[in-house]
Amino acid sequence: MEFKKGDKVDYHEMFDGPITSTGHTVKAVEHAPNNYGCDVAWITGKSGCIAMRCLSKAKEGKVKPSEIVDVIASGYEFHCPRCQILVKLIESTDTVQCPTCTRIYSNNGPEHALA
Ligand SMILES: [Zn+2]
């Protein structure tokens, strides 16, 4: 796996082990041959350099909700902040997706529209 400056990565303390920490960004890289004997990277939140094999590309934000929206209980609909359209839902679920921009939002829970 190759990384470059600015990549979002997860850190694995053990090569091939579970993710130890997430939310890092690659600050610099140095490829072998170097003093470390392997490709290394400097990442935010960690001091010193990390072997690149202990990094994995951070999961894309496609499944992760990007924003929270209020779902209006009457007929279940929410206002997409991006498209500025009202999206009607069949049911109220934990995450809701806008069919126009395909963005996924976290459902702030069905709330009744202000009286
Ligand atoms: Zn949208």
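Residues numbered from 1 in each chain as written. Predicted model: local features only at pLDDT ≥ 70, side-chain atom pairs only at ≥ 80, totals over all residues. Heavy atoms only, no water.

Visitor: Got a sec to walk through the pattern of salt bridges? Specific residues and values, please.
Guide: In this structure the tally under the stated criterion is two salt bridges. We note a salt bridge from D7 to K4, for which the minimum N-O separation is 3.4 Å. Salt-bridge contacts for K88 lead to E77; the nearest nitrogen and oxygen are separated by 2.7 Å. With K88 in strand β8 (residues 85-88) and E77 in strand β7 (residues 77-80), the pair connects residues that are 11 residues apart, well separated along the chain. Of the residues examined, K88 reaches a relative accessible area of 63% and is grouped as exposed. Residue classification places E77 among the buried residues on the basis of a relative accessible area of 14%. (Salt bridge = Lys/Arg side-chain N within 4 Å of Asp/Glu carboxyl O. Helix = DSSP H or I, 4+ residues; strand = E, 2+ residues; numbered from the N terminus. Buried < 20%, exposed > 50% of the residue type's maximum accessible area, 1.4 Å probe, protein only.)

Visitor: Quick rundown of the coordination of the zinc ion? Include the residues and the values.
Guide: C80 (SG), C83 (SG), C98 (SG) and C101 (SG) make up the full set of protein donors to the zinc ion, lying at 2.2 to 2.4 Å. Bound by four donor atoms, the zinc ion shows angles of 102 to 116° at the metal and therefore tetrahedral coordination geometry. Counting along the primary sequence, the residues that act as donors to the zinc ion give the motif C-x2-C-x14-C-x2-C. We classify C98 as buried; its relative accessible area is 0%. C101 sits in the buried class, given a relative accessible area of 18%. (Donors = N, O, S within 2.8 Å, 3.2 Å for Na, K, Ca; no water. Tetrahedral: all angles 85-135°; square planar, octahedral: opposite > 155°, others 65-115°.)

Visitor: Residues and numbers for the side chain of H12, please.
Guide: Note on placement: H12 falls in the loop between β1 (8-11) and β2 (21-30). Here S56 takes part through its side chain, which lies 2.7 Å from a polar atom of the side chain of H12. In this structure, H12 is in contact with G17, P18, I19, T20, C54, L55 and S56, ignoring residues within four places of it in sequence. (Polar contact = N/O pair within 3.5 Å; in protein donor to acceptor, adjacent residues only side chain to side chain. Contact = heavy atoms within 4.5 Å.)

Visitor: Account for the environment of L86, naming residues and giving values.
Guide: Within the fold, L86 resides in strand β8. Between the C-alpha atoms of L86 and C98, which are 12 residues apart in sequence, the distance is 9.1 Å. With near-sequence residues (within four places) excluded, L86 lies in contact with E77, F78 and H79.

Visitor: Which residues make up the packing of aromatic side chains, and what values do they have?
Guide: Two measures describe an aromatic ring pair: the distance that separates the ring centres and the angle between the ring planes. Counting across every chain of the model gives two aromatic pairs. Plain terms: the ring middles of Y36 and W42 are 6.1 Å apart, the flat faces sit at 75° to each other, and that makes the pair edge-to-face. Where F78 meets Y105, the ring centres are 5.9 Å apart and the plane angle is 65°; that geometry is what we call edge-to-face. Of this pair, F78 sits in strand β7 while Y105 sits in strand β10 (residues 104-111), and the two are 27 residues apart along the sequence. Note on Y105: relative accessible area 0%, which makes it buried. (Phe/Tyr/Trp six-rings, centres within 6.5 Å; stacked < 30°, edge-to-face > 60°.)

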